[in-house]
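Architecture at a glance
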There are 4 protein chains.
Amino acid sequence: MSTSPHAADPNNLLAMTGLEAMRAILQRDRDAPSITRTLNYWLSEVDEGRAVFEGEPTGDILNPLGIVHGGWALTLIDSACGCAAHTILPQGVGYTSLEAKVNFTRAITLKTGLVRVEGVVVSPGRTIITTEARLTDAKGALLAHGTSTLMALHPKQS
Amino acid sequence: MSTSPHAADPNNLLAMTGLEAMRAILQRDRDAPSITRTLNYWLSEVDEGRAVFEGEPTGDILNPLGIVHGGWALTLIDSACGCAAHTILPQGVGYTSLEAKVNFTRAITLKTGLVRVEGVVVSPGRTIITTEARLTDAKGALLAHGTSTLMALHPKQS
Amino acid sequence: MSTSPHAADPNNLLAMTGLEAMRAILQRDRDAPSITRTLNYWLSEVDEGRAVFEGEPTGDILNPLGIVHGGWALTLIDSACGCAAHTILPQGVGYTSLEAKVNFTRAITLKTGLVRVEGVVVSPGRTIITTEARLTDAKGALLAHGTSTLMALHPKQS
Amino acid sequence: MSTSPHAADPNNLLAMTGLEAMRAILQRDRDAPSITRTLNYWLSEVDEGRAVFEGEPTGDILNPLGIVHGGWALTLIDSACGCAAHTILPQGVGYTSLEAKVNFTRAITLKTGLVRVEGVVVSPGRTIITTEARLTDAKGALLAHGTSTLMALHPKQS
């Protein structure tokens, strides 16, 4: 949790509603964040209460056994959950992830190819938002699934 | 979970005990896995039931708000938990992560600098191993903490 | 996790498939387990990969603030997840819960009245089964939701 | 999460600091909550950032296989985590549990006898508090362990 996670906001995302901000990222009005380039995944769909990323494993994310490191699935699920939550926030409201929990249900290798992770809001509270996401391969086989709890950061009333 | 995650094993890690394999990685007899180069972290200590990584955030792992993406802490904690479990495995026994759960307790930025994540085995079962890890900055402030459940993959008796 | 959780099996449930065992409990051929009487909930539906319980909070399960203790929702979700997993097990195969994770999304009080918890299998592995469950009130409002990881215990080959 | 979980507060616990309230419960100045009688566990120690319960399984909490239901361990760990968090709250500040996650590491039966669960605060944030707890038998064997995230509910400034 951050005490002030949007001190930065280099892209001025907080000037929009959450859904507008996510759509701006989808339409490349805003630069894609560096993590998505580094780990080779990208936002592909966004709606109120829902965000989808696609990605493809590369040789840059392998563990010592030559398998895709669990951190890749963790990151994609964390992104899908966080962005799904972001879509329901009003203008000026930031958020932070409190926790994430993921089950790994199938090994991911370079042969897995294109994957898709869909995150949805489960409980749209004003302060606490819970979400879940599923990561699947191109045939729909479940690779991992998880949940995440987010906290909305409302600006102080003046 | 993988049905046979060590089909690969390019570095022949399964010919050693888990602790020997981890020490070989620590001493660079084996190449460091690509994920650690990509996300800029490295194994720094290993003992029976314990593994420590250090790392430093870079501009390659930022989220849209300019903060280090939660996936970085998730990956470091997943690595520390998995490697701690690995250190207690006999020769020829692989493992797979079943799940990981992480709390984010403080935002990580480029100013955070060097971090350290220590994973330890909590319950050293023959088949199911539970672990926990804490991620801290150079002053000892807690950035994230988590747990992970691993399954040992014993070779079939012939 | 139990090393031999079905040493007991007083109701001979392992002589049936998991779905038959759950249906026998539903039809009261077998006594309801004591936990369900103590915490006032009961099995109401069962299918392959799915189990539903209903329940109603009583004055016996309150916390110091006069609210229903979180343990009640935890127990109902754990039951729904475990029983959903049980329905897909072959005859003679037991199971044990490895972990459960629950989000509490709305306080439960004596005024909440009748609740329903539906558990479903998410990943039906031979050894590792993942599940999820949602607890709702009579109007469908979400009270809690969670996931659980179960391990099937196959008898040793002779 | 409750929108106003301390609407009730029949024992006027919010008039004290959290540590005073927990000590009042320990010293029986306040009635023990009904859940602890129903599930046969009791507060045994409390300090700043720490709460310990003891308990003993009874025939009232068994699952269909004659084993103690997982809900018992879940409830004890949830109590230990919540009460540990409560001890660090100022006067007038309530709290609610956002989520709990528990690993079951050893089956609990009627033969297990007296158990002890110790909860401690891991991250004492002003709004978000993270905690962990371990449940052990009289010989110190680990039965279950878990974590929980709590949110402090500060009264609105007038």
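Here the residue index of a chain counts from 1 through its sequence in written order. As they are written, the chains are lettered A onward and the ligands numbered 1 onward, keeping that order. Local features are withheld for residues below a pLDDT of 70 in this predicted model, meaning they are given only at 70 or higher, and side-chain atom pairs are given and counted only at 80 or more; totals for whole chains, interfaces and linings count all residues. With hydrogens and water set aside, each side-chain value is computed from the structure's full complement of heavy atoms.

Some details on the interface of chain A and chain B
The criterion used for residue contact is that any of the two residues' heavy atoms lie within 4.5 Å. Listed by partner, the interface residues are 42 residues for chain A and 42 residues for chain B. Put simply, buried area is how much 1.4 Å-probe accessible surface two parts lose in total, over both of them, once they are put together. Ranking the residues of chain A by area buried against chain B places A:Pro64, A:Leu65 and A:Phe104 at the top, with a combined share of 19%. In what follows, salt bridge is the name for a side-chain nitrogen of Lys or Arg lying within 4 Å of a carboxyl oxygen of Asp or Glu. For the pair chain A and chain B, the number of links is 2 salt bridges. The partner of B:Glu99 in a salt bridge is A:Lys101, with the nearest N and O atoms 3.9 Å apart. Polar contact is defined as a pair of N or O atoms within 3.5 Å, subject to the rule that within protein one atom must be able to donate a hydrogen and the other to accept it, and that residues adjacent in sequence are counted only when both atoms are side-chain atoms. The tally of links between chain A and chain B comes to 17 residue pairs in polar contact (both at pLDDT 80 or more). Only DSSP runs of H or I with at least four residues qualify as helices, and only runs of E with at least two residues qualify as strands; both kinds are numbered from the N terminus onward. Listing elements by their share of the side of chain A that touches chain B, those giving two or more residues are helix H2 (34-38), helix H3 (70-86) and strand E3 (94-104) of chain A. Sort the elements by how many residues they give to the side of chain A that touches chain B and E3(A) lands first, with 8 residues. Residues were grouped as follows: Ala, Val, Leu, Ile, Met, Phe, Trp, Tyr, Cys and Pro as nonpolar; Asp, Glu, Lys and Arg as charged; and all remaining residues, including Gly, as polar. When grouped by side-chain class, the residues that make up the side of chain A that touches chain B number 21 nonpolar, 15 polar and 6 charged. Two strands pair when backbone bridges link them, and E3(A) and strand E3 (residues 94-104) of chain B are joined in this way by 5 bridges, in the antiparallel orientation. Counted as the bridge partner of A:Asn103 is B:Glu99 from E3(B). DSSP bridges decide pairing: two strands pair if at least two such bridges lie between them.

A closer look at the relation of the copies chain B and chain C
Least-squares superposition aligns the copies on the C-alpha atoms of those residues with pLDDT at or above 70 in both. For the pair chain B and chain C, the best superposition has an RMSD of 0.0 Å and corresponds to a rotation of 180° with a translation of 0.0 Å parallel to the axis. Taken together, the rotation angle and the small translation identify this as a two-fold axis. Of all interface residues in chain B, 100% are interface residues in chain C too; the two copies therefore contact each other through one and the same surface.

Some remarks on the interface of chain B and chain C
Counting residues at the interface gives 8 residues for chain B, matched by 8 residues for chain C. Taking both partners together, chain B and chain C bury about 540 Å²; carbon and sulfur atoms supply 90% of that area. Put simply, chain B and chain C have 0 salt bridges between them. Here chain B is connected to chain C by 0 residue pairs in polar contact (both at pLDDT 80 or more). Looking at the side of chain B that touches chain C, the elements with two or more residues in it are E3 and strand E6 (142-153) of chain B. Considering every element that reaches the side of chain B that touches chain C, the biggest residue donor is E3(B), with 3 residues. Residues that form the side of chain B that touches chain C fall into these classes: 4 nonpolar, 2 polar and 2 charged.

Here we look at the packing of aromatic side chains
All names here are of chain B. Each Phe, Tyr or Trp ring, with Trp reduced to its six-membered ring, pairs with another whose centre is within 6.5 Å; inter-plane angles below 30 degrees give stacked pairs, above 60 give edge-to-face pairs, and intermediate values give tilted ones. All chains considered together, the criterion is met by 4 aromatic pairs over all chains. Plain terms: the ring middles of Tyr41 and Phe53 are 5.4 Å apart, the flat faces sit at 55° to each other, and that makes the pair tilted. Of this pair, Tyr41 sits in strand E1 (residues 41-47) while Phe53 sits in strand E2 (residues 50-55), and the two are 12 residues apart along the sequence. Here Tyr41 falls in the buried class, since its relative accessible area comes to 2%. Any residue under 20% of the maximum accessible area for its type is buried, any over 50% is exposed, and the rest in between are partly exposed; the area is computed with a 1.4 Å probe on protein chains only.

Examining the side chain of B:Thr149
Looking at the element boundaries, B:Thr149 is found in strand E6. Apart from the residues within four sequence positions on either side, B:Thr149 is in contact with B:Thr96, B:Ser97, B:Leu98, B:Glu99, B:Ile128, B:Ile129, B:Thr130, C:Glu99, D:Lys101 and D:Asn103.

A word on the relation of the copies chain A and chain B
Rotating chain A by 180° and moving it 0.0 Å along the rotation axis overlays it on chain B with an RMSD of 0.0 Å. Mapped onto chain B, 100% of the interface residues of chain A again fall at the interface, so both copies present the same surface.

Observations concerning the side chain of B:His145
With respect to the secondary-structure elements, B:His145 resides in strand E6. With relative accessibility at 4%, the residue B:His145 sits in the buried group. A polar atom in the side chain of B:His145 sits 2.8 Å from the side chain of D:Thr130. Contact partners of B:His145, with chain neighbours within four places excluded, come to B:Ile77, B:Lys101, B:Val102, B:Asn103, B:Thr105, B:Ala133, B:Arg134, D:Val122 and D:Thr130.

Description of the confidence of the model for chain A
All names here are of chain A. What pLDDT expresses is the predictor's confidence in each residue, scored from 0 to 100. Here chain A averages 91 in pLDDT, while 92% of its residues score no lower than 70. Counted against residues more than four places away or in other chains, residues 1-7, with its pLDDT under 50, gives 19 contacts. Both scores are available for the predicted complex, with the pTM at 0.93 and the ipTM at 0.92.

Some points on the sheet that holds strand E4 (residues 115-124) of chain D
Either a parallel or an antiparallel arrangement is found when strands of a sheet pair, and the pairing is made through backbone hydrogen bonds. What the 12 strands build is an open sheet, ordered E1(C)-E2(C)-E4(C)-E5(C)-E6(C)-E3(C)-E3(D)-E6(D)-E5(D)-E4(D)-E2(D)-E1(D); its pairing is antiparallel. On the outer flanks of this sheet lie strand E1 (41-47) of chain C together with strand E1 (41-47) of chain D, each paired with one strand and no other. Averaged over all pairs of adjacent strands, the angle between their axes in this sheet comes to 20°, without regard to strand direction. Where strand E3 (residues 94-104) of chain C meets strand E6 (residues 142-153) of chain C, 10 bridges bridge the pair, whose relative direction is antiparallel. Paired with C:Gly94 across the strands is C:Leu153, a residue of E6(C). Here helix H3 (residues 70-86) of chain C sits on the sheet in contact with E1, strand E2 (50-55), E3, strand E4 (115-124), strand E5 (128-137) and E6 of chain C together with strand E3 (94-104) of chain D, set at roughly 45° to E4(C). Each axis is a line fitted through C-alpha atoms, and for a helix only the stretch in contact is used; angles between axes span 0 to 180 degrees, taken between their N-to-C directions.

A closer look at the environment of D:Gly94
Residues and elements named next belong to chain D. Looking at where Gly94 falls in the secondary structure, it is placed in strand E3. Since its relative accessible area comes to 2%, Gly94 is described here as buried. Residues Gly94 and Thr147, spaced 53 residues apart in sequence, show a C-alpha to C-alpha distance of 19 Å.

Here's the deal with the pattern of salt bridges
A side chain with one charge can pair with a side chain of the opposite charge if their charged atoms come near. Counted under the stated rule, the structure contains 32 salt bridges over all chains. Salt bridges sharing partners connect three or more residues here, namely A:Glu45, A:Asp47, A:Arg50, A:Arg116 and A:Glu118.

Quick look at the sheet that holds strand E4 (residues 115-124) of chain B
In space, the 12 strands of this open sheet follow the order E1(A)-E2(A)-E4(A)-E5(A)-E6(A)-E3(A)-E3(B)-E6(B)-E5(B)-E4(B)-E2(B)-E1(B), with antiparallel pairing throughout. The open sheet terminates on both sides in strands that have one partner only, identified here as strand E1 (41-47) of chain A together with E1 of chain B. Direction aside, neighbouring strands of the sheet carry axes that sit 20° apart on average. As paired strands, E2(B) and E4(B) are joined by 6 bridges and run antiparallel to one another. When the sheet's bridge partners are listed, B:Arg50 is paired in E4(B) with B:Val120. Sitting on the sheet, helix H3 (residues 70-86) of chain B is in contact with E3 of chain A together with E1, E2, E3, E4, strand E5 (128-137) and E6 of chain B, with an inclination near 45° to E4(B).

Observations regarding unusual backbone geometry
All names here are of chain A. Despite not being glycine, Asn40 shows a phi value in the positive range, around 55°. Looking at the secondary structure, you find Asn40 in the loop between H2 and E1. Taking the relative accessible area as the measure of exposure, Asn40 reaches 26% and is therefore partly exposed.

As for the environment of A:Ser148
All names here are of chain A. Following the sequence through the fold, Ser148 ends up in strand E6 (residues 142-153). Taking the relative accessible area as the measure of exposure, Ser148 reaches 1% and is therefore buried. Residues Ser148 and Ala85, 63 residues apart in the sequence, show an inter-C-alpha distance of 9.5 Å. Apart from the residues within four sequence positions on either side, Ser148 is in contact with Asp78, Cys81, Ser97, Glu99, Ala100, Ile129, Thr130 and Thr131. From its side chain, Ser148 meets the backbone oxygen of Glu99 in a polar contact 2.8 Å long.

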